[in-house]
Amino acid sequence: MKHLLDANTLIEAKNRYYGMNICPGFWEWLKLQHQAHELASISLVGDELKKGNDELATWAKNYPTLFHDVTDENTQEAFGMIASALAEQAPMMKTGALDDFLDGADPWLIAKAMTTGACVVTHEVYNPDIKRKFSIPNVCKQFDVPFMNTFELLHKLEAQFVLPS
């Protein structure tokens, strides 16, 4: 896989611009790109999505191969590196920011990207001055992991959702 999707890319798409009934082509495109080894996500993102009681939860349950395991040794080691580095920065952040970040899927997503050479796809925005939370782009930048948003991914992979004529 070359791109790893953050949960917010799927949630935001479903809730706003690529609703499953509005643009079913987007969801089929995701499946095709996964089959072409262009994109995936991780099991913790899948778990988060499956907790819902909506069409995205159903979609995630019906497409489990999109969500890759993070229990491999390399990903575990990368997670440890991330946790150690961020622990050193925690005193400069809002109280609880480290625990909030480490308790979610985000550090695992970055760790998986580190070990596979993937680019993280997220709607979070790089902000070196943020102190209230650890953000995916900030941590990615610290570990030289590339990141982009959904729209950059769509352009890069030349997505087209065309109605039949």
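You'll find the structure just up there.
Only a predicted model underlies this, so the values are computations on that prediction, with no experimental measurement involved.

1. Details of the overall build of the chain
Counting its regular elements, the chain contains nine helices and five strands. In sequence order, the chain lays out its α and β elements as β-α-α-β-α-α-β-α-α-α-β-α-β-α. Relative to the globule expectation of 15 Å for 165 residues, the C-alpha radius of gyration of the chain, 16 Å, shows essentially globular dimensions. Within the chain, the proportion of its 165 residues that are buried is 47%. Entry remark: accessible area of the chain is about 8900 Å², with carbon and sulfur atoms responsible for 51%. Across the chain, the 14 positively charged side chains and the 22 negatively charged ones have centroids separated by 4 Å.

2. As for the nonpolar core
Phe-26, Trp-27 and Leu-30 are the most contacted members of the largest nonpolar core, which has 54 residues in total. Top contributing element to this core by residue count: helix H5 (residues 73-89), with six residues.

3. Considerations on the packing of aromatic side chains
In this description, an aromatic ring pair is defined by two values, namely the gap between the centres and the angle between the planes. Summed over all chains, the structure comprises 12 aromatic pairs. Aromatic side chains Tyr-17 and Tyr-18 sit 5.0 Å apart centroid to centroid with 90 degrees between the ring planes, which places their arrangement in the edge-to-face category. A centroid spacing of 6.0 Å and a plane angle of 40 degrees characterise the contact between Trp-59 and Tyr-63, whose relative ring orientation is tilted. Given the relative accessible area of 9%, Trp-59 is considered buried. When the ring centre of Tyr-63 is taken as reference, the NZ or CZ atom of Lys-31 above it lies at 5.7 Å. Above the face of the Tyr-126 ring, Lys-141 is positioned so that its terminal group lies 5.2 Å from the ring centre.

4. Re helix H2 (residues 24-35)
Spanning 12 residues, H2 covers 17 Å between terminal C-alpha atoms, matching the ideal 16 Å at 1.5 Å per step. Along H2, the residues classified as buried are Phe-26, Trp-27, Trp-29, Leu-30, Gln-33 and His-34. Along the long axis of H2, the arc covered by the buried residues comes to 155 degrees, so they all point the same way. Seen from the buried face of H2, the exposed residues on the opposite side, beyond 90 degrees, are Leu-32 and Gln-35. As for H2, its buried residues are in contact with strand E1 (3-5), helix H1 (7-15), strand E2 (39-42), helix H4 (55-62), strand E3 (67-68) and helix H9 (150-156). Directly beyond the C-terminal end of H2, a positive phi value near 65 degrees is found at His-37.

Conventions adopted
- Residues numbered from 1 in each chain as written.
- Predicted model: local features only at pLDDT ≥ 70, side-chain atom pairs only at ≥ 80, totals over all residues.
- Heavy atoms only, no water.
- Helix = DSSP H or I, 4+ residues; strand = E, 2+ residues; numbered from the N terminus.
- Rg over C-alpha atoms; globule rule 2.2 N^0.38 Å.
- Buried < 20%, exposed > 50% of the residue type's maximum accessible area, 1.4 Å probe, protein only.
- Areas by Shrake-Rupley, 256 points an atom, 1.4 Å probe, with all protein chains shown as cover.
- Lys, Arg positive; Asp, Glu negative; His and termini not counted.
- Charge placed at Lys NZ, Arg CZ, Asp CG, Glu CD.
- Core = buried A, V, L, I, M, F, W, Y, C linked by side-chain atoms within 4.5 Å.
- Phe/Tyr/Trp six-rings, centres within 6.5 Å; stacked < 30°, edge-to-face > 60°.
- Lys NZ or Arg CZ within 6 Å of the ring centre and 35° of its normal.
- Expected span 1.5 Å × (residues − 1).
- Arc of directions from axis to C-beta.
- Contact = heavy atoms within 4.5 Å.

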